[in-house]
Amino acid sequence: MPQNLIDEYSAAAVPVELSVFGSPLGIASGFFWKKAEELFLVTNWHNLAGVNPITGVNLSSTGGRPDTIKAGIHGARLPRRGELTLPLWDDNGPLWMVHPKFGRRVDVAALPVPTGVEGEYQARFYPINTLSSRRMQVSIGGDVFILGYPFSKGLEDRGGWPVWKRASVATEPALMLRDEMYFLVDTASRPGMSGAPVIARSTGDVLLEDGSLVMVTGTSTRLIGVYAGRVSSADAEDAQLGRVFPIDLLEEIIDAQMRETGV
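Predicted model only: the values in this text are computed from it and were never measured.

Participant: Where do I start with the overall build of the protein chain in this structure?
Facilitator: Secondary structure assignment for the protein chain yields four helices and 19 strands. Against the globule reference of 18 Å for 263 residues, the protein chain gives a C-alpha radius of gyration of 18 Å, in line with a compact fold. Per-residue burial for the protein chain yields a buried fraction of 48% across its 263 residues. In the form shown here, the protein chain has an accessible surface area of approximately 12,500 Å², with 52% of it arising from carbon and sulfur atoms. Looking at the protein chain, you have 24 positive and 30 negative side-chain charges, and the mean spots of the two groups are 3 Å apart.

Structural data, given as structure tokens:
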């Protein structure tokens, strides 16, 4: 497969596996983020903690909580794949970063990746915030894509490449309240997509956030948030609404770098 035919955002989304004492607990999605020389693996808080952030109940029926995460990574040239294994805890507790004000209420977490890993693994990480982007206007009813791993069977399933799941913005992003801190998208998502990046993608001329129109040849992309799974319902025929935490909340996590203390 020619490297230049692979969308850079497909290269940015990665599958992750959670385990405890070597036993698998679940599959999810994630991506990498870079600030200066620091690299972070980003996914949902509930994936790393193994706990429902609202009820505090363990997500695994075994009662286990993850102590290790594996993330799919790229070789120095696409489409070769490998995997990165990181601990989730040390002697002082959890290693991941949480929102400095709202903690687990923002169901997003960032796990620091040790320096020098790219050279050690002969890998390339494609941090999503370093990719080409444009501050496009995101409006209710507009299409977005969740780049994740529904029903994935592991890091090598489908060669480790994400599914682009189409969704539409279902609530007004500008009216997102801080007691909820997320907006909703209408999509039939599936297990394994939690932690996936959510992007807006447009072809041709685009309307920017400030209301100006820009003449564009080709595509424009904007990273808008982190997918955190469907709104809980006991009804299998529910409205199929999913939660998206806006990307500015992740930026606040990265800036503060406050470790989790409450699990």
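Let us keep going from here.
Participant: Help me understand unusual backbone geometry, please; the structure alone is not making it clear to me.
Facilitator: Excluding glycine, residues mostly have negative phi values, and the peptide bonds linking residues are mostly trans. Notably, Phe 21 is not glycine yet its phi reads approximately 50 degrees, a positive angle. Positive phi, close to 55 degrees, is recorded for Ala 36, a residue that is not glycine. Of note, Ala 36 is situated in the loop between strand E2 (23–35) and strand E3 (38–43).

Participant: I keep staring at helix H4 (residues 247–256) and nothing clicks. Help me out?
Facilitator: Side chains that are three or four residues apart share a direction in an α-helix, a result of its 3.6 residues per turn. Along H4, the positions that sit buried rather than exposed are Ile 247, Leu 249, Leu 250, Ile 253 and Ile 254. Buried residues in H4, looked at end-on, bunch into an arc of 155 degrees, giving them a common side. Considering only its buried residues, H4 is in contact with E2, E3, strand E8 (97–98), strand E9 (109–113), strand E17 (219–230) and strand E18 (241–246). Positive phi shows up at Gln 257, right after H4, with a value of about 50 degrees.

Participant: I tried to follow the packing of aromatic side chains on my own but got confused; where do I start?
Facilitator: On inspection of all chains with the given rule, the structure shows four aromatic pairs. Residues Trp 89 and Trp 96 carry aromatic rings whose centres are separated by 6.0 Å and whose planes lie at 90 degrees to one another, so their mutual orientation is edge-to-face. On the accessibility criterion, Trp 89 (34% relative accessible area) is partly exposed. Judged by relative accessible area, which is 0%, Trp 96 ranks as buried. Arg 243 extends its terminal NZ or CZ atom over the ring of Tyr 182, reaching a point 5.6 Å from the ring centre.

Participant: So what exactly am I meant to see when it comes to the pairing of E18 here?
Facilitator: Consecutive side chains along a regular strand alternate between the two faces of the sheet. A large share of E18 lies buried, amounting to five of its six residues. Note: strand E13 (residues 183–186) against E18, four bridges, orientation antiparallel. Within E18, the position partnered with Val 185 by the bridge is Gly 242.

Participant: I would appreciate a short explanation of the side chain of Ser 19 in the present structure.
Facilitator: For Ser 19, the position within the fold is in strand E1 (residues 13–20). With a relative accessible area of 14%, Ser 19 lands in the buried category. With sequence-adjacent residues up to four places away left out, Ser 19 is seen in contact with Pro 24, Leu 25, Pro 66, Asp 67 and Thr 68.

Participant: Can you help me understand the confidence of the model for the protein chain in this one?
Facilitator: Regions with low pLDDT carry predicted coordinates that are not meant to be interpreted in detail. Mean pLDDT over the protein chain works out to 88, with 90% of the residues at or above the 70 mark. Taken element by element, the protein chain is modelled with least confidence in helix H3 (residues 117–121), mean pLDDT 77, and with most confidence in E8, mean pLDDT 98.

Each value, and the rule that gives it
Residues numbered from 1 in each chain as written. Predicted model: local features only at pLDDT ≥ 70, side-chain atom pairs only at ≥ 80, totals over all residues. Heavy atoms only, no water. Helix = DSSP H or I, 4+ residues; strand = E, 2+ residues; numbered from the N terminus. Rg over C-alpha atoms; globule rule 2.2 N^0.38 Å. Buried < 20%, exposed > 50% of the residue type's maximum accessible area, 1.4 Å probe, protein only. Areas by Shrake-Rupley, 256 points an atom, 1.4 Å probe, with all protein chains shown as cover. Lys, Arg positive; Asp, Glu negative; His and termini not counted. Charge placed at Lys NZ, Arg CZ, Asp CG, Glu CD. Arc of directions from axis to C-beta. Contact = heavy atoms within 4.5 Å. Phe/Tyr/Trp six-rings, centres within 6.5 Å; stacked < 30°, edge-to-face > 60°. Lys NZ or Arg CZ within 6 Å of the ring centre and 35° of its normal. Pairing = 2+ DSSP bridges. pLDDT = per-residue confidence, 0-100.

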